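Here's the letter readout for the chains.
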Amino acid sequence: MAEQNSNPARHKAGQRQAKQDEKNATGVYYIPTTQRVSGAEGGREKAASTEERSSRSKVPALLALALILVLGGVAWHLWSNRKVPVTINGSSYQVKIDSTLKDAARDLSLKVRRGNLVSVKGDVLKRGGGYAFTATVNGKSLPGRQGERYRVSQGDTIVLAKGKNIMEPHTTSTTSVAPKLVMKGGFGPVAYVRNYGKAGSAKVLKGKRSKQTAEVVTKKATDAEIYLRTPVPEGGKQLVALTFDDGPSDKYTQQYLDILNKYHAKATFFCLGKNVQQYPELAKAIVKQGSQIANHTQDHKQLTTLDAAEVQSELSSGFKAISSATGVETTVFRPPYGDFRETTWVKSAGIASASITWTQDSKDWKLPGVDQIVSNALLNVKSGDIILMHDGGGNRDQDVQALPKIIEALQKNGYTLVTIDELMASDSTIPSSIQSGNAKMPEGTVWPTELGDA
Ligand code: NI
């Protein structure tokens, strides 16, 4: 403090002297006389005079050197900032060499739409917050920042398009994608699993800014496919399948088997699990006769009214009753009331491989008379047809009389009476695993829990 203000006058004088020096300095070649006479060489006038001449002779050389430096600098500046011709989006431009494409686009005021900053779901978070442009240089695409950072060379052919969006910062994890169930083929009495589903995988992106979650499928799931088909026996074969529901019945099943034996015919018995458990010997007799035993559920509930666990229980209990009684491992079934839909397939957990309904309804349950049952069963019959009759669940006396007439009429017209598995095997569009009647979900497959878009 004291030092700063101790001698303001001297301080001012110092300032004046500095200003004077500054003035002198602006006259670049002014040499102060006091300097010439003071110091150790003050008295040597002659020597000083020589030195003065020598100093004066250096002036033009310094001038020239400075000029060369300045000109060199200017030349260097012009060279390194020279403009080179390039083509951008089909037009010719002069662009400062070595400038980045981003700077060049700005200097030329090129109008290219910037991309946006978007959320993991694609919502715009900041308009113009994406890449400045998408660049293709001499036919090579330069993604992301590469394009912006590219340094322009003479003769480049550049295409600038709208900048890509930039996704917000996010975390990434992986998850599996469940297959869906689709139904195809229109309609038909045979609905079979043409494809078992396989899981895919996806990335789960969680946006740090938007807090959104988005899934990006990296491997598509294979949908499970149920295919509806009216079997078409190949090679000119004339085949019809007789089917009997709701048994086995202690009163009728054996009578049916005797009639079938008499005509060397086979049929398919869609049995209830509870009846198989009650009459295991009849279930065995069906198999022994050469006919097919298949599932009609455990307890004849309308499956479309049940939840998934009940559907699965009705199906698996019926199959288990059959395998316990006969050793037959079938996965073929007929839904009670013929009622089985996409949603029921979804609930079925892949337990069944084929759901079989019918094309010919004898309407025997109405007890319409023997002749009516016969004519209902044979109405417009053709190869590949499936006839519905019953051996269990009521009075089947009319069926017992109708059955020989139906078989005789069919055989007279050249039809062979076959099982459902044989009928499926006559149509090569149905996979052999399904034709076997005991297809199960292959290893590594996943049953869908949702319907897909057919
Ligand atoms: Ni039934």
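Look up a bit, the structure's there.
Now for a description of the structure that goes with this document. (Residues numbered from 1 in each chain as written. Predicted model: local features only at pLDDT ≥ 70, side-chain atom pairs only at ≥ 80, totals over all residues. Heavy atoms only, no water.)

**Here's the deal with the coordination of the nickel ion**
Here is step 1: Note on the nickel ion: its protein donors are Asp246 (OD), His296 (NE2) and His300 (NE2). The metal-donor distances range over 2.1 to 2.2 Å.
Here is step 2: Going along the chain, you hit the donors of the nickel ion in the pattern D-x49-H-x3-H. In this pair, Asp246 is assigned in the loop between β15 (239–245) and α7 (253–262) and His300 in the loop between β17 (292–295) and α10 (308–326), connecting sequence segments 54 residues apart. (Donors = N, O, S within 2.8 Å, 3.2 Å for Na, K, Ca; no water. Helix = DSSP H or I, 4+ residues; strand = E, 2+ residues; numbered from the N terminus.)

**Examining a positive patch on the surface**
Here is step 1: Where like charges cluster on the molecular surface, the positive patch consists of Lys102, Arg114, Lys126, Arg149 and Arg209.
Here is step 2: Tracing the sequence through the fold places Arg114 in the loop between α5 (101–107) and β3 (117–118).
Here is step 3: A residue is classified by how much of its surface remains accessible, and Arg114, at 38% relative accessible area, is partly exposed. (Patch = residues over 30% accessible without salt bridge, like charges linked within 9 Å, V, L, I, M, F, W, Y side chains within 5 Å. Areas by Shrake-Rupley, 256 points an atom, 1.4 Å probe, with all protein chains shown as cover. Salt bridge = Lys/Arg side-chain N within 4 Å of Asp/Glu carboxyl O. Lys, Arg positive; Asp, Glu negative; His and termini not counted. Charge placed at Lys NZ, Arg CZ, Asp CG, Glu CD. Buried < 20%, exposed > 50% of the residue type's maximum accessible area, 1.4 Å probe, protein only.)

**A few points about the pattern of salt bridges**
Here is step 1: Enumeration over the complete set of coordinates arrives at 15 salt bridges.
Here is step 2: Of the charged contacts, one joins Lys284 and Glu281 as a salt bridge, the two residues approaching to 3.4 Å between their closest N and O atoms. Of the two residues, Lys284 and Glu281 are both situated in helix α9 (residues 280–289); the distance of three residues between them amounts to about one turn of the helix.
Here is step 3: The exposure class of Lys284 is partly exposed, given its relative accessible area of 39%.
Here is step 4: The partner of Asp385 in a salt bridge is Lys382, with the nearest N and O atoms 3.1 Å apart.
Here is step 5: Residue classification places Lys382 among the partly exposed residues on the basis of a relative accessible area of 44%.
Here is step 6: Among the charged side chains, a network of salt bridges with common partners joins Asp103, Arg106 and Asp107.

**Side note on the sheet that holds strand β8 (residues 166–167)**
The strands making up a sheet associate through hydrogen bonds between their backbones, and the pairing can be parallel or antiparallel.
Here is step 1: An order of β4-β3-β8 is seen for the three strands of this open sheet, with the pairing classed as mixed. In this open sheet, the two edge strands, each paired with only one partner strand, are β4 (124–126) and β8. (Pairing = 2+ DSSP bridges.)

**Focus on the sheet that holds strand β12 (residues 200–207)**
Here is step 1: If you walk across this open sheet you meet the three strands as β9-β12-β13, and the pairing is antiparallel. Both outer strands of the open sheet, β9 (170–177) and β13 (213–219), are each paired with one neighbouring strand and no more. Between one strand axis and the next, the sheet turns by 25° as a mean value, whatever way the strands run.
Here is step 2: Strand direction decides the pairing type here: β9 and β12, joined by eight bridges, are antiparallel. From the neighbouring strand, Val177 faces β12, where its bridge partner is Gly200. (Axes fitted to C-alpha atoms, helices over the stretch in contact; angles between N-to-C directions.)

**Focus on the packing of aromatic side chains**
Here is step 1: Here the structure, examined in full by the defined rule, presents seven aromatic pairs.
Here is step 2: For the ring pair Tyr192 and Tyr227, a centre distance of 5.9 Å and an interplane angle of 55° mean the geometry is tilted. Of this pair, Tyr192 sits in strand β11 (residues 190–195) while Tyr227 sits in strand β14 (residues 224–229), and the two are 35 residues apart along the sequence. Per residue, the accessibility class of Tyr192 equals that of Tyr227, and both read buried.
Here is step 3: When the centroid spacing of 5.2 Å and the interplanar angle of 80° are considered together, the rings of Phe340 and Trp345 count as edge-to-face.
Here is step 4: Relative accessible area serves as the criterion here: at 1%, Trp345 is assigned to the buried category. (Phe/Tyr/Trp six-rings, centres within 6.5 Å; stacked < 30°, edge-to-face > 60°.)

**Notes on the side chain of Asn116**
Here is step 1: In this structure, Asn116 sits in the loop between α5 and β3.
Here is step 2: Leaving out residues up to four positions away in the same chain, Asn116 has contacts with Val124, Lys126, Arg127, Gly128, Gly129, Gly130, Lys164, Asn165 and Ile166. (Contact = heavy atoms within 4.5 Å.)

**Details of the environment of Glu342**
Here is step 1: When you line up the elements, Glu342 lands in helix α11 (residues 342–347).
Here is step 2: Residue class for Glu342 comes out partly exposed when judged on its relative accessible area of 36%.
Here is step 3: When the C-alpha atoms of Glu342 and Thr304 are compared, they prove to be 9.7 Å apart, with 38 residues separating the residues in sequence.
Here is step 4: Not counting residues within four places of it along the chain, the set of residues in contact with Glu342 comprises Leu181, Met183 and Leu451.

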